[in-house]
Amino acid sequence: MAFEPFEKTDYSAEELVARSVQFREQLSARRSIRHFSRRAFPREVIENVIMTAASAPSGANKQPWTFVIVEDTDVKREIRIGAEEEEKAFYDRRAPDEWLADLEPLGTDWRKPFLEDAPFLIVVFKKVFDVEKDHRFKNYYVNESVGIASGFLLAAIHQVGLVALTHTPSPMGFLSKILKRPENERAFLLIPVGYPAEDAQVPAITRKRMEEVVEIV
Ligand code: IYR
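Here is a short report on the structure shown in this document. These numbers were taken from a predicted model, which means no experiment stands behind them.

### Let's talk about the site of the ligand
In step 1: Close contacts around the ligand come from R34, E87, F90, Y91, W99, L103, D109, K112, H167 and T168, and that covers them all.
In step 2: In the model, an oxygen atom of the ligand is placed 2.5 Å from a nitrogen or oxygen of the Y91 side chain.
In step 3: K112 places a side-chain nitrogen or oxygen 2.5 Å from an oxygen atom of the ligand.
In step 4: Of all the elements in the fold, those that place two or more residues in the shell around the ligand are α3 (73-94) and α4 (97-103).
In step 5: Sort the elements by how many residues they give to the shell around the ligand and α3 lands first, with three residues.
In step 6: For the shell around the ligand, a count of residues per class yields four nonpolar, two polar and four charged.

Okay, structure coming up:
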């Protein structure tokens, strides 16, 4: 592999602090949203946030991801039906009481209208291996890589000024079927993206204080 110079930046200590505060404030204003407007916007925005995600680091630079953009109304409906079926089973039977108690403050239930309301759904697939000419090639740290890319994606959506939800109906096999994905891909996250509904509300959550999440050695 050829090497090339790294285009570096060089900020002073004061600039570093100011930039870290600014980005912290910007990103910590992001919230998971469950009520979407149907207001349209260009698909180009979605393509750009996805390509931001696809710039994430990955094990051995294998980039083990596929991002499916769903904009077709009928396919969105099919996905809503599939997700609600799994979610109904989750809320009615599968979820242990402790899990339901943890979800209660968030006000979630099996109904997922946002899967039809949001103009776009992004379905993130992880590639557990790659296939070329019937040969299987290994990917590495797939969950870590796709998790990092998904973090980039959420940050990019927020920076653009749109909202999203990291939705994980479980199991997600219905997504592979509806979207006709190959056998080396598994659904990782289902992310509706759009403008928030006029009357969107969010639970008044708090974040842990620094002392609770940081240890200095
Ligand atoms: N997948 C379900 C349940 C759910 C689970 C967790 I953990 C959440 O943080 C939120 C919801 C649903 O989407 O409703």
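More follows now that the structure is in view.
### Examining the sheet that holds strand β5 (residues 163-164)
In step 1: An order of β1-β2-β6-β5 is seen for the four strands of this open sheet, with the pairing classed as antiparallel. Of all the strands in the sheet, just β1 (65-70) and β5 have a single pairing partner and so form its edges.
In step 2: In terms of strand pairing, strand β2 (residues 120-127) meets strand β6 (residues 185-194) through eight bridges, oriented antiparallel. Bridging across to β6, V123 finds its partner in L190.
In step 3: Relative to β6, helix α6 (residues 142-160) is tilted by about 10°, and along the sheet it contacts β1, β2, β5 and β6.

### Observations regarding unusual backbone geometry
In step 1: Here the bond from S170 into P171 is cis, since omega is -5°, no more than 30 degrees from zero.
In step 2: Its location among the elements puts P171 in the loop between β5 and α7 (173-178).
In step 3: The phi dihedral of A60 falls on the positive side, at around 50°, and the residue is not glycine.
In step 4: Here A60 is to be found in the loop between α2 (43-53) and β1.
In step 5: With relative accessibility at 58%, the residue A60 sits in the exposed group.
In step 6: A positive phi angle, close to 50°, is found at Q63, a residue other than glycine.
In step 7: Of note, Q63 is situated in the loop between α2 and β1.
In step 8: The partly exposed category is assigned to Q63, whose relative accessible area is 35%.

### Describing the side chain of E84
In step 1: Summarising the element assignment, E84 is placed in helix α3.
In step 2: Setting aside chain neighbours within four positions, we find E84 in contact with W110, R111, K112 and P113.

### Section: the nonpolar core
In step 1: F67, I122, V124, L153, I157, I191 and V193 are the most contacted members of the largest nonpolar core, which totals 25 residues.
In step 2: Looking at this core, the elements with two or more residues in it are α2, β1, β2, α6 and β6.
In step 3: For this core, the element with the highest residue contribution is α6, accounting for seven residues.
In step 4: When residues no more than four places from it in sequence are discounted, the contact partners of I122 are I46, V49, I50, F67, V68, L153, L189, L190, I191 and V193.

### Observations regarding the packing of aromatic side chains
Describing an aromatic ring pair means giving the distance of the ring centres and the angle of the ring planes.
In step 1: Inspection of every chain in the model, using the stated rule, returns six aromatic pairs.
In step 2: Geometrically, the ring pair formed by F36 and F114 is tilted, given 6.5 Å between the ring centres and 50° between the ring planes. Here F36 is found in the loop between α1 (13-28) and α2, whereas its partner F114 is found in helix α5 (residues 114-117), with 78 residues between them in sequence.
In step 3: With a centroid separation of 4.8 Å and 80° between ring planes, the pair formed by F90 and W99 is classed as edge-to-face.
In step 4: Look at F90 and you get buried, because its relative accessible area is 11%.
In step 5: Cluster of aromatic residues (ring-pair linked, three or more members): F41, F120 and Y195.
In step 6: Just above the ring of Y11 sits the side chain of R19; from NZ or CZ to the centre is 3.9 Å.

The rules behind each value
Residues numbered from 1 in each chain as written. Predicted model: local features only at pLDDT ≥ 70, side-chain atom pairs only at ≥ 80, totals over all residues. Heavy atoms only, no water. Near = heavy atom within 4 Å. Polar contact = N/O pair within 3.5 Å; in protein donor to acceptor, adjacent residues only side chain to side chain. Helix = DSSP H or I, 4+ residues; strand = E, 2+ residues; numbered from the N terminus. Nonpolar A, V, L, I, M, F, W, Y, C, P; charged D, E, K, R; others polar. Pairing = 2+ DSSP bridges. Contact = heavy atoms within 4.5 Å. Axes fitted to C-alpha atoms, helices over the stretch in contact; angles between N-to-C directions. Buried < 20%, exposed > 50% of the residue type's maximum accessible area, 1.4 Å probe, protein only. Core = buried A, V, L, I, M, F, W, Y, C linked by side-chain atoms within 4.5 Å. Phe/Tyr/Trp six-rings, centres within 6.5 Å; stacked < 30°, edge-to-face > 60°. Lys NZ or Arg CZ within 6 Å of the ring centre and 35° of its normal.

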